[in-house]
Amino acid sequence: MLNDHNITPLLFFDSGIGGLSVLKAVQDALPNAPIIFAADYAGLPYGTKSEAEIAARVPALLGRLVERFRPQLVTIACNTACTVALTHVRAALDVPVVGTVPAIKPAAETTQSGVIGLLGTAATIRQAYVDRLHTDHAQGMTLLRHAAPELVDAAELKLRGESVDPAVYASAMAGLIDQRDGGRLDVTVLGCTHFPLVQDELQAVAPTMKFVDGAYGIARRICHLMRDQSWPDRAAPGIFVTTGDILALETLRPALYSYGLTQITSL
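Below you will find a few notes about this structure. Here the structure is a predicted model, which means the values were calculated and not measured.

1. Some remarks on helix α8 (residues 167-177)
Of all the residues in α8, the buried ones are Tyr169, Ala172, Met173, Gly175 and Leu176. Each buried residue of α8 lies within a common arc of 145 degrees when the element is viewed along its axis, so the set occupies one face. Where α8 is buried, its residues contact β5 (115-120), β6 (142-147), α7 (150-159), β7 (187-190), α9 (199-205) and β8 (210-212).

2. Concerning unusual backbone geometry
The amide bond that connects Leu44 to the next residue, Pro45, takes the cis arrangement and shows omega of 0 degrees. Within the element layout of this structure, Pro45 appears in the loop between β2 (35-39) and α2 (51-69). In the Ramachandran plot, Asp181 falls in the positive-phi region, its phi being about 75 degrees despite a non-glycine side chain. On the secondary structure map, Asp181 appears in the loop between α8 and β7. Using a relative accessible area of 32% as the deciding quantity, one classes Asp181 as partly exposed.

3. Structural notes on the sheet that holds strand β4 (residues 97-98)
Taken in spatial order, the six strands make up an open sheet running β4-β3-β1-β2-β9-β10, and their pairing is parallel. The open sheet terminates on both sides in strands that have one partner only, identified here as β4 and β10 (261-266). Inspection of the sheet shows β2 paired to strand β9 (residues 238-242) by four bridges, in the parallel sense. Considered in β9, the bridge of Ala39 is made with Thr242.

4. Some remarks on the nonpolar core
Leu10, Leu202, Ile222 and Phe240 are the most contacted members of the largest nonpolar core, which has 55 residues in total. Ile36, Leu62, Ala81 and Val89 belong to the second largest nonpolar core, which has 27 residues in total.

5. Quick look at the packing of α7 against α8
Any two packed helices are characterised by how steeply their axes cross, that is the angle between the axes, and by the distance between the axes. In contact at an axis separation of 10 Å, α7 and α8 are set at 150 degrees when each is read in the N-to-C sense. The angle between the axes of α7 and α8 places the two elements in the roughly antiparallel class. Like other packed secondary-structure pairs, α7 and α8 cross with a definite hand, here left-handed. Along the contact surface, α7 presents Glu150, Leu151 and Ala154, while α8 presents Val168, Tyr169 and Ala172.

6. Some words on the side chain of Thr124
With respect to the secondary-structure elements, Thr124 resides in helix α5 (residues 122-125). Taking relative accessible area as the criterion, Thr124 reaches 0% and is therefore assigned buried. Here the side chain of Thr124 touches Thr80 through a polar contact of 3.0 Å, side chain to side chain. Once residues within four sequence positions are removed from consideration, Thr124 is found in contact with Asn79, Thr80, Thr83, Pro102, Val130 and Gly191.

Analysis parameters
Residues numbered from 1 in each chain as written. Predicted model: local features only at pLDDT ≥ 70, side-chain atom pairs only at ≥ 80, totals over all residues. Heavy atoms only, no water. Buried < 20%, exposed > 50% of the residue type's maximum accessible area, 1.4 Å probe, protein only. Helix = DSSP H or I, 4+ residues; strand = E, 2+ residues; numbered from the N terminus. Arc of directions from axis to C-beta. Contact = heavy atoms within 4.5 Å. Pairing = 2+ DSSP bridges. Core = buried A, V, L, I, M, F, W, Y, C linked by side-chain atoms within 4.5 Å. Axes fitted to C-alpha atoms, helices over the stretch in contact; angles between N-to-C directions. Parallel < 35°, antiparallel > 145°, perpendicular 65-115°, else oblique. Left-handed = near helix turned anticlockwise from the far one by under 90°. Polar contact = N/O pair within 3.5 Å; in protein donor to acceptor, adjacent residues only side chain to side chain.

Interpretation in functional terms is not warranted from these geometric data alone.
In structure tokens form, the structure reads like this:
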């Protein structure tokens, strides 16, 4: 058996627990990789922050996390942080950084009608980066955008075992469907890593909709970058790091444990 202590971890970073949707895809592919998951609860939500705030905050936090945990790879499992701060983070860190981008390319490859939707945070959907993805991968198609920050709260509540008003999900989908050409919408991009955690609830209010996200694309990229790495025979306990109050995570513990994140600490 390999000496687990010689294998440095994979670090995942998000504003909250949305990045668990990305972690799940990576764990399916690399089940024994040691994991650090960092959630910036002191900064949640990112979607209502200015670009300047995010561009300053994220590289500084990741610098501290890399210094403390010495990961061999960092994944920013947060669309908002990526679309705003990915370039800044890559300039600041000396480890490989994998980003999260809205899955517009797979949506364009899936649509039958030529009308695709993007649900994201306000900060994500207004980025010029999204315009470039549209131009590069969905030329000639209609891209409808809707900011649905309430789905971030819904995902956080769901993983704490709390109930969410189903009208939240209906309202989010109506934000796309009620737009011009929304009646022809057949594929929706879940452009925030929190949103796949409530995909079943979104599907219930839009039964014929196809939903796509970037999690498995990210997992493939990580597997490619880690192709020469040997992993231990069994998974080590995962570590969950928060910038917020650890006591506030009590109701999240069962969900975190289900992802193998059994050690909880603060930054």
